[in-house]
Amino acid sequence: MQAVAKKLDEQDCLASFREQFCLPEGVIYLDGNSLGPLPVAAKQRAVEVVTQQWGQDLITSWNKHAWIDLPQQCGEQIAPLIGAAPGQVICCDSISVNLFKVLSGAIRMQPGRRKVMTTSDNFPTDIYTIEGLSEQLGEDRCELVLVDEESIEAMLDESIAVLLLTQVNFRSGRLLDMKEITRTAHAKGILVVWDLAHSAGALPVHLDAHEADFAVGCTYKYLNGGPGAPAFIYVAKRHQQQFKQPVSGWMGHASPFTFGSAYAPAAGVKQNLSGTPAVIAMSVLEAALSVWKDVDILQVRQKSMAMGEFFLECLRVLELDSVLPCVSPSAAKERGSQLAFRHEHAYAICQAWIEAGVVADFRAPDRLRVGFAPLYISFQAVWEACEKLKCLIEEQRYLEARFRLQQTVT
Ligand SMILES: *Cc1c(COP(=O)(O)O)cnc(C)c1O
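Residues numbered from 1 in each chain as written. Predicted model: local features only at pLDDT ≥ 70, side-chain atom pairs only at ≥ 80, totals over all residues. Heavy atoms only, no water.

### Here's the deal with the sheet that holds strand β14 (residues 367-371)
Next, step 1: Across the sheet, which stays open at both edges, the three strands sit in the order β11-β14-β13 with antiparallel pairing between neighbours. Each edge of the open sheet is held by one strand with a lone partner, namely β11 (338-342) and β13 (361-363). Across the sheet, the mean angle from the axis of one strand to that of its neighbour is 30°, orientation sign disregarded.
Next, step 2: Pairing of β13 with β14, which is carried by three bridges, proceeds in the antiparallel orientation. By the bridge assignment, Phe362 is partnered in β14 with Leu368.
Next, step 3: With respect to the sheet, helix α9 (residues 297-317) is in contact with β11 and β14, its orientation differing from that of β11 by roughly 30°.
Next, step 4: Along the sheet face, helix α10 (residues 346-355) touches β13 and β14 and points at about 40° away from the line of β14. (Pairing = 2+ DSSP bridges. Helix = DSSP H or I, 4+ residues; strand = E, 2+ residues; numbered from the N terminus. Axes fitted to C-alpha atoms, helices over the stretch in contact; angles between N-to-C directions. Contact = heavy atoms within 4.5 Å.)

Listed below in structure tokens is the structure:
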């Protein structure tokens, strides 16, 4: 497998992007799906924004360094990666907050309907925000409906107002068919919100072409914007007149610096801003996004699929496939850029693997999750990671007591 990996690395047209990232020595990072590593450009920008812009230029930086434009500028940098024409994406807040805004606005656009459907296996925050909204508006205005991922389309009917789906399941990696589901939902008059947390920067997304209504996503996973980096929100052009989000703050006002007493939303996607943007985080994000201007997302997808297949093949060769059964869809085209494996001691295995220099993560109750971020991972590193996994499992090293101590963040 070593030789196969070497050959795949030689043919890798994305290999040169690796030097644009600061990666710690001796670490194989298979967790870019949780927190992307630090881009060199982002590190430089962090220093610049703090020492020069904040430190020296102070408040003049809002104009001088165009801090005020950062939410839109970052949004426009993300737009091509998710198949959105200009004027539809803006950066702000977190996915959770943006979901609240989008769902609130979408429900208002569906008089006579109250059901908001999502999958029972969705990321918890997606379900929680619907619950919160339901509590606030009352069940007669917003009722949470949970369905199995397998039966989404079968459960769609004309009583549903909004369908909220995560395109790539955070646990299993299963990739939903955005085109087909959106079409089926639209035929029943349902508005569709897509959560792109594990899609943006991992695979080509076609929001405009597939006629998505709304979308949200984060930038600290595959987009490498840094811990807690601002999220994004997409509102399709055709809805921008009618859509109204409820967190009507001054930054989303048509004219924030007239300081008028009545709220009038900004035209277009900008009304989704609420308060002052996190300038430091957004400056770092903007630099991190600059990496993508030379990236062909189709190549990213190809390499990511090849890596997933290669990883599975390595496990077979090392006879780990029965010890760690893969619970992700078996076809690469039905998965995002991650794989999940089931093991009773998944948490301890993950901890022991980290100690051996391979960072992956654990998802309750019993999943070991491995992410492949093609811009900085090599096939040889993947093979090495698998060999280390084999070693710690063979020696049963993960059974040592210290690997079982569950930390706060998993
Ligand atoms: C990571 C993730 C989130 C995170 O939400 P935040 O509010 O940005 O913390 C939301 N949804 C999904 C599907 C995720 O994977």
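Structure's up, so let's keep going.
### Notes on the UniProt feature "binding site: pyridoxal 5'-phosphate" (unreviewed entry) in the protein
Next, step 1: According to UniProt, the feature "binding site: pyridoxal 5'-phosphate" (unreviewed entry) maps to Ile95, Ser96, Phe123, Pro124, Thr125, Asp126, Thr166, Asp195, His198, Tyr220, Trp250 and Thr276 in the numbering used here. A maximum C-alpha distance of 30.8 Å is found for the annotated residues, which run over 182 residues; spatially they are spread out rather than grouped.
Next, step 2: Within the secondary structure layout, Thr125 lies in helix α6 (residues 124-137).
Next, step 3: According to the relative accessible area criterion, Thr125 is buried, its value standing at 16%.
Next, step 4: The contact partners of Thr125, leaving out residues within four places of it in the chain, are Ser96 and Leu99.
Next, step 5: Here Ser96 takes part through its side chain, which lies 2.7 Å from a polar atom of the side chain of Thr125.
Next, step 6: Take Tyr220: it is sitting in the loop between β9 (214-217) and β10 (232-235).
Next, step 7: Setting aside its immediate chain neighbours within four residues, Tyr220 contacts Ser34, Leu35, Gly36, Gly225, Gly226, Gly228 and Ala229. (UniProt positions renumbered as here; feature names shortened; annotations may be inferred. Buried < 20%, exposed > 50% of the residue type's maximum accessible area, 1.4 Å probe, protein only. Polar contact = N/O pair within 3.5 Å; in protein donor to acceptor, adjacent residues only side chain to side chain.)

### Points about the site of the ligand
Next, step 1: Contacts to the ligand come from Ser94, Ile95, Ser96, Phe123, Thr125, Asp126, Thr166, Asp195, Ala197, His198, Tyr220 and Lys221.
Next, step 2: One of the backbone nitrogen or oxygen atoms of Ile95 is found 3.1 Å away from an oxygen atom of the ligand.
Next, step 3: Protein coverage of the free-state accessible area of the ligand, which is 390 Å², stands at 88%.
Next, step 4: For the shell around the ligand, the elements supplying multiple residues, two or more each, are α5 (95-108) and α6.
Next, step 5: Of the residues belonging to the shell around the ligand, the class tally is four nonpolar, five polar and three charged. (Near = heavy atom within 4 Å. Areas by Shrake-Rupley, 256 points an atom, 1.4 Å probe, with all protein chains shown as cover. Nonpolar A, V, L, I, M, F, W, Y, C, P; charged D, E, K, R; others polar.)

### Some words on the packing of aromatic side chains
Next, step 1: Scanning the model with the defined rule gives eleven aromatic pairs in all.
Next, step 2: Judged by centre distance (5.9 Å) and plane angle (85°), the rings of Phe257 and Phe259 are edge-to-face.
Next, step 3: For Phe257, a relative accessible area of 53% gives the class exposed.
Next, step 4: Arranged with centres 5.6 Å apart and planes meeting at 45°, the rings of Phe311 and Phe341 form a pair that is tilted. Of this pair, Phe311 sits in helix α9 while Phe341 is found in strand β11, placing the two residues 30 residues apart along the sequence.
Next, step 5: The exposure class of Phe341 is buried, given its relative accessible area of 1%.
Next, step 6: A network of ring pairs unites the aromatic residues Trp250, Phe257 and Phe259 as a single cluster.
Next, step 7: In this structure, Lys221 packs its charged tip against the face of Phe123, placed 5.4 Å from the ring centre. (Phe/Tyr/Trp six-rings, centres within 6.5 Å; stacked < 30°, edge-to-face > 60°. Lys NZ or Arg CZ within 6 Å of the ring centre and 35° of its normal.)

### Quick word on the nonpolar core
Next, step 1: With 97 residues, the main nonpolar core has Ile82, Leu163, Trp194, Trp292, Phe311, Trp353 and Leu375 as its most contacted residues.
Next, step 2: In terms of residue count, helix α11 (residues 379-394) provides more of this core than any other element does, nine residues in total.
Next, step 3: A domain-level breakdown of this core finds at least three residues from each of domain 1 (2-30 + 296-404) and domain 2 (47-294).
Next, step 4: Excluding anything up to four places from it in sequence, Ile82 contacts Val89, Leu196, Ala200, Val205, His206, Leu207 and Phe232.
Next, step 5: In this structure, Ile95, Ala197, Ala231 and Leu273 belong to the second largest nonpolar core, which totals 29 residues. (Core = buried A, V, L, I, M, F, W, Y, C linked by side-chain atoms within 4.5 Å. Domains from an automatic or database assignment.)

### Regarding α5
Next, step 1: For α5, built from 14 residues, the straight-helix expectation of 20 Å at 1.5 Å per residue is met to within 8% by its first-to-last C-alpha distance of 20 Å.
Next, step 2: Among the 14 residues of α5, ten are classified as buried, and the element is accordingly described as predominantly covered.
Next, step 3: Those residues of α5 not exposed but buried are Ile95, Asn98, Leu99, Lys101, Val102, Leu103, Ser104, Gly105, Ala106 and Ile107.
Next, step 4: Contacts from the buried residues of α5 go to β5 (115-119), α6, β7 (160-166), β8 (191-195), β9 and β10. (Expected span 1.5 Å × (residues − 1).)

### Re the UniProt feature "modified residue: N6-(pyridoxal phosphate)lysine" (unreviewed entry) in the protein
Next, step 1: Following the UniProt record, one finds the feature "modified residue: N6-(pyridoxal phosphate)lysine" (unreviewed entry) at Lys221.
Next, step 2: One can find Lys221 in the loop between β9 and β10.
Next, step 3: Discounting residues that sit within four places of it in the chain, Lys221 has contacts with Gly32, Asn33, Ser34, Leu35, Gly36, Ala197 and His198.

### A look at the domain arrangement of the protein
How big an interface is tends to be expressed through the accessible area that disappears when the partners come together.
Next, step 1: Domain parsing of the protein yields domain 1 (2-30 + 296-404) and domain 2 (47-294).
Next, step 2: Computed over C-alpha atoms, the centres of domain 1 and domain 2 are 30 Å apart.
Next, step 3: The interface of domain 1 with domain 2 comprises 26 residues on the first partner and 19 residues on the second.
Next, step 4: Taking both sides of the interface into account, the surface hidden between domain 1 and domain 2 amounts to around 1,800 Å²; carbon and sulfur atoms contribute 62%.
Next, step 5: For domain 1, the biggest contributors to the area lost against domain 2 are Ile297, Arg301 and Gln338; these three give 27% of the whole.
Next, step 6: Applying the counting criterion to the domain 1 and domain 2 interface returns zero salt bridges.
Next, step 7: Viewed at the interface, domain 2 and domain 1 are joined by nine residue pairs in polar contact (both at pLDDT 80 or more).
Next, step 8: For the side of domain 1 that touches domain 2, the secondary structure elements donating two or more residues are α9, β11 and β14. (Buried area = accessible area lost by both parts, 1.4 Å probe. Salt bridge = Lys/Arg side-chain N within 4 Å of Asp/Glu carboxyl O.)

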